[in-house]
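Listed here are the chains, written in short residue letters.
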Amino acid sequence: MQPLLNGNTLYQTLKFPQKMAFLGVAALCFVGVAGCRRTHGPDVVATVNGKPIMRSEVEDLYQTNLGESQQQPSKEQADVVRLNVLRTLIDEEILMERAAKLNLTATDEEVDNQINEYKAPYTQEEFNKRLAEKHLTLDDMKRQIRRAKTEEKLFNKEINSKINITDADIAAYYNAHKSEFNLIEPMYHLAQIMVTSVPLPPQQQSINLQNSKATNDSEAKKKIETLHNRLESGEDFGLLAQNFSERPDTASNGGDMGFVSETQLRASPDVYNAIGKLQPGQITEIMPVYDNAHKQVGYAIFKLIDKQAAGQRELNDPRVQQTIRGQLRDARQQLLRNAYLEMLRDEARVENFFAENVFKNGAQ
């Protein structure tokens, strides 16, 4: 039985012109791998499964990241920011492609509903001004909303729906952290909507879902009054906080500040007195916000979610179970989202031309 042709035998069977053509292609691939596996224009900074990410997309987000800062970063600092922006865009594209494969892309109706909610507190002229201040067009905003809603639908299906917190999980956590539920003084579970005229730091890309930010005291006062009226009309505190609150560390969580001790509250007598008059579920009037120099810088509305007296909380307390369940769910969501994105990255074909350029130029 004749052996199969090996590489040398196969090469020898080629005619001379075929040999030369073969060598020519091989040489091109060897000398310039990029020329064989990819071609791209100067405006393409990366591709995800063949789909280009344009330089203009990176620059738009880069400028938004800088905000109104008068201090320009060095070239090295600027490229670090651009690399981070590009990594975000790559991850977003990976998620969008996965969502499209599962038919989970946000619909036009869902996007339009969100736009209308954003526009509600403003006239058309004011809304257009907001877009201009953020260097956004209406199409830009729609694209951002579509991506955010698509990610939400994808994570709900692929991750959140699969998380199951059992009674045994809750009991195990309680037994390991029992001292955390022994309150030495009354605790107040609060939520807050804050509006200020203080400008954002340059590195802060956004503060709420709408990227809504007051720029002076007059705007801040008008905005907080509008929000207070909407709350008194029965609108959801958490949703308004997510969309409009200017405290970035709590806005994404519906304004939830967690539990605040009575000692901490007493440090602000006006706030303590206002909250002390509330029943769970009620909100304060508009309260002034002061900086460390006791200069007024904005306004806030507080909501009392719950109040707990001092003493040991037992496992059978529904509030204890709810707190533990929420903490465990949040931790698992974060872990699974990170793992899920890593898995999708492994499956994707990503070419980051900008990163290669930075490395090449920086290594010289």
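All values derive from a computational prediction rather than experimental measurement. (Residues numbered from 1 in each chain as written. Predicted model: local features only at pLDDT ≥ 70, side-chain atom pairs only at ≥ 80, totals over all residues. Heavy atoms only, no water.)

Caption draft 1: Region of the structure containing the packing of aromatic side chains. If you walk through the whole model with that rule in mind, you get two aromatic pairs. Centroid distance F155 to Y340: 6.5 Å. Interplanar angle 70 degrees. Geometry classified as edge-to-face. In this pair, F155 is assigned in helix α8 (residues 138–158) and Y340 in helix α15 (residues 318–347), connecting sequence segments 185 residues apart. Relative to F181, the ring of Y174 has its centre 5.5 Å away and its plane inclined at 35 degrees; by these criteria the two rings are tilted. For the pair formed by Y174 and F181, the shared burial category is buried. Here the basic side chain of R82 rests over the ring of Y62, its NZ or CZ set 4.0 Å away from the ring centre. (Phe/Tyr/Trp six-rings, centres within 6.5 Å; stacked < 30°, edge-to-face > 60°. Helix = DSSP H or I, 4+ residues; strand = E, 2+ residues; numbered from the N terminus. Buried < 20%, exposed > 50% of the residue type's maximum accessible area, 1.4 Å probe, protein only. Lys NZ or Arg CZ within 6 Å of the ring centre and 35° of its normal.)

Caption draft 2: Just the nonpolar core, in detail. Among the nonpolar cores identified, the biggest contains 31 residues, and I53, L86, I90, L95, I324 and Y340 are the most heavily contacted of them. Every element with two or more residues in this core is listed here: β1 (44–48), α5 (75–101), α8, α9 (167–176) and α15. Counting residues per element, this core draws most heavily on α5, which supplies eight residues. When neighbours within four sequence positions are excluded, L86 is seen to be in contact with V45, A46, I53, V58, N352 and F354. (Core = buried A, V, L, I, M, F, W, Y, C linked by side-chain atoms within 4.5 Å. Contact = heavy atoms within 4.5 Å.)

Caption draft 3: Spotlight on the packing of α5 against α15. Relative orientation of the contacting elements α5 and α15 amounts to 85 degrees, with a least axis distance of 10 Å. Judged by the inter-axis angle, α5 sits roughly perpendicular to α15. For the pair α5 and α15, the contacting residues are R87, D91, I94, L95 and R98 in the first and Y340, L341, E342, L344 and R345 in the second. Along the lines of polarity and charge, the residues of the contact of α5 with α15 split into five nonpolar, no polar and five charged. (Axes fitted to C-alpha atoms, helices over the stretch in contact; angles between N-to-C directions. Parallel < 35°, antiparallel > 145°, perpendicular 65-115°, else oblique. Nonpolar A, V, L, I, M, F, W, Y, C, P; charged D, E, K, R; others polar.)

Caption draft 4: Just the packing of α5 against α8, in detail. Two elements in contact, α5 and α8, have axes whose closest approach is 10 Å; the angle formed by their N-to-C orientations is 60 degrees. Classified by the angle their axes make, α5 and α8 are oblique. For the pair α5 and α8, the sense of crossing is left-handed. Between α5, through L89, E92, L95, M96, R98 and A99, and α8, the contact on the second element is made entirely by R147, T150, E151, L154, F155 and E158. Class assignment of the residues belonging to the contact of α5 with α8 gives a composition of six nonpolar, one polar and five charged. (Left-handed = near helix turned anticlockwise from the far one by under 90°.)

Caption draft 5: Up close: the side chain of Q308. Within the secondary structure layout, Q308 lies in strand β7 (residues 296–308). On the basis of relative accessible area, Q308 is assigned to the buried category, the value being 8%. A distance of 3.3 Å separates the side chain of Q308 from the side chain of R313, its partner in a polar contact. Residues in contact with Q308, not counting those within four places in the same chain, are L183, P186, M187, F259, R313 and R319. (Polar contact = N/O pair within 3.5 Å; in protein donor to acceptor, adjacent residues only side chain to side chain.)

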